[in-house]
Amino acid sequence: MELSIIFKIAGIGLITAILSIVLKKSDKDEIATFVTISGLIIVLIMVLDMVSNLFDTLKSLLNLY
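The rules we used
Residues numbered from 1 in each chain as written. Predicted model: local features only at pLDDT ≥ 70, side-chain atom pairs only at ≥ 80, totals over all residues. Heavy atoms only, no water. Helix = DSSP H or I, 4+ residues; strand = E, 2+ residues; numbered from the N terminus. Rg over C-alpha atoms; globule rule 2.2 N^0.38 Å. Buried < 20%, exposed > 50% of the residue type's maximum accessible area, 1.4 Å probe, protein only. Areas by Shrake-Rupley, 256 points an atom, 1.4 Å probe, with all protein chains shown as cover. Expected span 1.5 Å × (residues − 1). Contact = heavy atoms within 4.5 Å.

Draft legend 1. The arrangement of the overall build of the protein chain in detail. Helix and strand counts for the protein chain come out as 2 helices and 0 strands. Here the C-alpha atoms of the protein chain give a radius of gyration of 17 Å, more than 25% beyond the 11 Å that 2.2 N^0.38 yields for 65 residues. Taken along its principal axes, the extent of the C-alpha atoms in the protein chain is 55 × 20 × 5 Å. Buried residues in the protein chain amount to 14% of all 65 residues. About 5,500 Å² of surface is accessible on the protein chain, with carbon and sulfur atoms providing 73% of the total.

This is the structure in structure tokens:
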């Protein structure tokens, strides 16, 4: 596993948390919720891409079609 992916996920988490806190302090709770959900969706897409690559690697390793 590449270390850069872990840093990207941590960076997205930090940015999402900071934006959420700032928006909640500004009494914009709905937008803070959308920011949190969008950060979660971005990370889930990254993880799904990594899982897809894992399955492709296993398929080619085991010569399955």
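Draft legend 2. Spatial organisation of helix α1 (residues 3–25). The first and last C-alpha atoms of α1 sit 33 Å apart over 23 residues, in line with the 33 Å expected at 1.5 Å per residue. If you follow the buried residues of α1, they end up packed against α2 (29–62). A positive phi of about 60° marks Asp27, the residue just after α1.

Draft legend 3. How the structure looks around unusual backbone geometry. One non-glycine residue, Asp27, lies in the positive phi region at around 60°. As for its position among the elements, Asp27 is in the loop between α1 and α2. The exposure class assigned to Asp27 is exposed, which follows from its relative accessible area of 68%.

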